[in-house]
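# Observations on the model geometry
Okay, here's what each chain looks like letter by letter:
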Amino acid sequence: METTAKNLISIEKSKTSKIEQVDFDNLAFGSVFTDHMLVCDYKNGAWEKPKIVPYGPLMLNPSAKIFHYGQSIFEGMKAYKDTAKDVYLFRPLDNHKRFNISAKRMAIPEIPENYFMEGLKALLQLDEKWIPTKEGSSMYIRPFMFATGEGFHASPANEYKFMICLAPSGAYFAGKVKVLIEETYSRSANGGVGFAKAGGNYAGQFYPTQLAIEKGYNQVIWTDDNTHEHIEEAGAMNIFVRINDTLITAPTSDRILDGITRKSIIDIAKAEKIPVEVRKITVKEVVEAAQNGSLKEMFGAGTAAVISPISTFGHRGSDYDLPVLDASYASLLKKKITDIQYNKTEDTFGWRVKI
Ligand code: PLP
Ligand code: COI
């Protein structure tokens, strides 16, 4: 039996609010945080009662295993406010499912669905005024979980924290995205943790991405670790390529995150009668398509970045510019998905969840 939010979660309200200090017209991505956060401890083999408390620093032991062995996972979601000020989530149960898939791979205890969902709803209701309404803005939601248990023994911790923080956010990328096809470094490997949203996956991307930034790119396009012949992801986004009129994305595997935006885009594109192929994409075919003019679009897809068109890709010292199209798949699909997310249209897929 599910416990109701009222019985399940205790709430300690913040005495003051920081909301007046926030410039909601000029929000960056994920850099201001609301007045409250959710915290739930795992001790003695069980999850304790979740608490909503004022947002603030945590006290952790220096020997907490998160610091030494990186047992840490997260999710990325958004809450959207419509013109009637109603609040919606997009496919939140898929995030919960993926969170537990990540947890299992990192030997972290799974979180029950009602803790995740009721925690989210209670926190969003409490900080509802913080959800931005400006076009292109939303409330970025960061559920995360990490090892607080102590010890230098390289084995899973016996204590964990599940938390949720909220960050009213604007766009992830300021302008067009210029990417470099990466053929030296890898973000993931067969049998590894690429399919999990494990914190360390992102730390491992920073150095190769910095090298790409020094060369004038914004992001790296990850290729498979074995041959570097296949395009797999675009930074922290799934990748789509349009050759002639066909939209192509790489199949998910244990190296690739099973993106919720990606699978939604596939369904929307199919409903729009756009030919879609889910198959391996070779670097060679993309370079050839760019050279012969059949490469029409490339874009990244993810919760934070929504759909981010790639303007240029770099490969082995050459830059290839993508054409500027009047009616791109990226703009059509972005409109279709955000119209569903912001309750501007009927949701025939059943993805929207009202808070
Ligand atoms: N790939 C990676 C590595 C990511 O971190 C993300 C972001 O969550 C995505 C893809 C896109 O996934 P989603 O659409 O579920 O946000
Ligand atoms: C998201 O798209 O929500 C992500 O988790 C990407 C993140 C690394 C900003």
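Residues numbered from 1 in each chain as written. Chains lettered and ligands numbered in written order. Predicted model: local features only at pLDDT ≥ 70, side-chain atom pairs only at ≥ 80, totals over all residues. Heavy atoms only, no water.

## A look at the packing of aromatic side chains
Per the counting criterion, the structure on display carries 18 aromatic pairs. Here phenylalanine 33 and tyrosine 55 contribute two aromatic rings whose centre-to-centre distance is 5.5 Å and whose plane-to-plane angle is 5°, an arrangement assigned as stacked. Separated by 22 residues along the polypeptide, phenylalanine 33 in the loop between β1 (10–11) and β2 (36–43) and tyrosine 55 in the loop between β4 (51–54) and α2 (65–69) bring together distant segments of the chain. Classification of phenylalanine 33 as partly exposed rests on a relative accessible area of 30%. Geometrically, the ring pair formed by tyrosine 42 and tyrosine 160 is edge-to-face, given 6.0 Å between the ring centres and 65° between the ring planes. (Phe/Tyr/Trp six-rings, centres within 6.5 Å; stacked < 30°, edge-to-face > 60°. Helix = DSSP H or I, 4+ residues; strand = E, 2+ residues; numbered from the N terminus. Buried < 20%, exposed > 50% of the residue type's maximum accessible area, 1.4 Å probe, protein only.)

## Considering the pattern of salt bridges
Within the structure shown, the criterion is met by 18 salt bridges. The closest approach of N and O atoms between lysine 354 and aspartate 86, which form a salt bridge, is 3.6 Å. Of this pair, lysine 354 sits in strand β20 (residues 352–354) while aspartate 86 is found in the loop between β6 (77–81) and β7 (87–90), placing the two residues 268 residues apart along the sequence. With a shortest N-O distance of 3.5 Å, glutamate 288 and lysine 284 are connected by a salt bridge. Here lysine 284 and glutamate 288 lie together in helix α7 (residues 283–292), a separation of 4 residues that amounts to about one turn. Residue lysine 284 is classed as exposed on the basis of its relative accessible area of 61%. Here the salt bridges do not stand alone but share partners, grouping Arg91, Asp94 and Lys263 into one network. (Salt bridge = Lys/Arg side-chain N within 4 Å of Asp/Glu carboxyl O.)

## Quick look at helix α5 (residues 199–214)
In a regular helix each residue adds 1.5 Å, so 16 residues correspond to 22 Å; α5 covers 24 Å between its end C-alpha atoms and thus fits that length. The complete set of buried residues in α5 reads Asn201, Tyr202, Gln205, Pro208, Thr209 and Ala212. Looking at the buried positions of α5, the neighbouring elements they touch are β5 (72–74), β10 (177–181) and β11 (219–223). Just beyond α5, the residue with positive phi is glycine 216, at close to 100°. (Expected span 1.5 Å × (residues − 1). Contact = heavy atoms within 4.5 Å.)

## Looking at the site of ligand 2
Looking at ligand 2, the residues that line it are Phe74, Gly76, Tyr140, Arg142, Tyr172, Lys197, Tyr202, Ala236, Thr303 and Ala304. Between lysine 197 and ligand 2, the recorded distance is 2.7 Å, taken from a side-chain N or O atom to an oxygen atom. Protein burial of ligand 2: of its 290 Å² of free accessible surface, 89% is covered by the chains. For the shell around ligand 2, the per-class residue count stands at 6 nonpolar, 2 polar and 2 charged. Counting only domains with at least three residues in the shell around ligand 2, you end up with domain 1 (2–169) and domain 2 (177–340). (Near = heavy atom within 4 Å. Polar contact = N/O pair within 3.5 Å; in protein donor to acceptor, adjacent residues only side chain to side chain. Areas by Shrake-Rupley, 256 points an atom, 1.4 Å probe, with all protein chains shown as cover. Nonpolar A, V, L, I, M, F, W, Y, C, P; charged D, E, K, R; others polar. Domains from an automatic or database assignment.)

## Focus: the site of ligand 1
Around ligand 1 there are 15 residues in total, and Lys197, Tyr202, Glu233, Thr261 and Thr303 lie nearest to it. Arginine 98 places a polar side-chain atom, nitrogen or oxygen, 2.7 Å from an oxygen atom of ligand 1. Separating an oxygen atom of ligand 1 from a side-chain N or O atom of tyrosine 202 is a distance of 2.5 Å. Considered on its own, ligand 1 offers 380 Å² of accessible surface; in the complex 97% of this is hidden by protein. The set of elements that each furnish at least two residues to the shell around ligand 1 consists of β13 (237–243), α6 (260–271) and β17 (295–302). In the shell around ligand 1, the residues fall into 6 nonpolar, 5 polar and 4 charged.

## Focus on the domain arrangement of the chain
For the chain, the domain assignment lists domain 1 (2–169) and domain 2 (177–340). Domain 1 and domain 2 are separated by 28 Å when their C-alpha centres are compared. Counting residues at the interface gives 18 residues for domain 1, matched by 20 residues for domain 2. Of the roughly 1,600 Å² buried between domain 1 and domain 2 on both sides combined, carbon and sulfur atoms contribute 63%. For the domain 1 face of the interface with domain 2, the top three residues by lost area are Phe74, Arg98 and Arg105, together amounting to 37%. Taken together, the links from domain 1 to domain 2 amount to 1 salt bridge. Aspartate 94 is paired through a salt bridge with lysine 263; the nearest N and O atoms lie 2.8 Å apart. Scanning the region where domain 1 abuts domain 2 turns up 10 residue pairs in polar contact (both at pLDDT 80 or more). (Buried area = accessible area lost by both parts, 1.4 Å probe.)

## Some points on the packing of α6 against helix α8 (residues 329–341)
Axis separation between α6 and α8 bottoms out at 10 Å; the angle between their running directions is 110°. Overall, the two elements α6 and α8 adopt an arrangement that is roughly perpendicular. In this structure, α6 contributes Thr261, Ser264, Ile265, Ile268 and Ala269 to the contact, and α8 contributes Leu333, Lys336, Ile337 and Ile340. Here the residues of the contact of α6 with α8 are counted per class, giving 6 nonpolar, 2 polar and 1 charged. (Axes fitted to C-alpha atoms, helices over the stretch in contact; angles between N-to-C directions. Parallel < 35°, antiparallel > 145°, perpendicular 65-115°, else oblique.)

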